[in-house]
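If you want the building blocks of each chain, they are given just below.
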Amino acid sequence: MRELDRVRVLRPVAGDDDLTVPEGATGTVVAIYADGEAFEVEFTDPVDTLATVDAAALRLVERAAR
């Protein structure tokens, strides 16, 4: 996955501000950590938060246009 790709979480994850992002929520990759082992993802619906998510907990929904 690359920055600005749209992704879906495969399980609930904790957001940076103690909000829980539910399974199935979609967001946008805004940073890549440890050569793609984890990603910072911005979510806006159903919660507005950033979350650091392991790669195994994400599925690509849509590639960002380059």
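Criteria and thresholds
Residues numbered from 1 in each chain as written. Predicted model: local features only at pLDDT ≥ 70, side-chain atom pairs only at ≥ 80, totals over all residues. Heavy atoms only, no water. Helix = DSSP H or I, 4+ residues; strand = E, 2+ residues; numbered from the N terminus. Buried < 20%, exposed > 50% of the residue type's maximum accessible area, 1.4 Å probe, protein only. Contact = heavy atoms within 4.5 Å. Pairing = 2+ DSSP bridges. Core = buried A, V, L, I, M, F, W, Y, C linked by side-chain atoms within 4.5 Å.

(A) Structural detail: the environment of Val61. Counting through the fold element by element, Val61 comes out in strand β7 (residues 58-62). For Val61, a relative accessible area of 39% translates into the label partly exposed. Considering only alpha carbons, one finds Val61 and Asp5, 56 residues apart in sequence, at a separation of 7.6 Å. In this view, Val61 contacts Arg6, Val7, Arg8 and Thr26; residues no more than four positions away in its chain are not counted.

(B) Examining the pairing of strand β4 (residues 26-33) more closely. Of the pairings in the sheet, the one linking strand β1 (residues 6-9) to β4 comprises 3 bridges and is antiparallel in character. In the strand pairing of β4, Arg6 is matched with Thr28. Where β4 and strand β5 (residues 38-43) come together, 6 bridges link them in antiparallel fashion. Bridging across to β5, Tyr33 finds its partner in Ala38.

(C) Summary view of the nonpolar core. By size, the foremost hydrophobic cluster in this structure holds 14 residues, and its most contacted members are Val9, Val13, Val21, Val41, Phe43, Val53 and Leu58. Contributing elements (two or more residues each) for this core: β1, β5 and β6 (49-54). With 3 residues, the top contributor of residues to this core is β5. Residues contacting Val9, with those up to four places away along its chain left out, are Val21, Pro22, Glu23, Gly24, Ala25, Phe43, Val53, Ala57 and Leu58.

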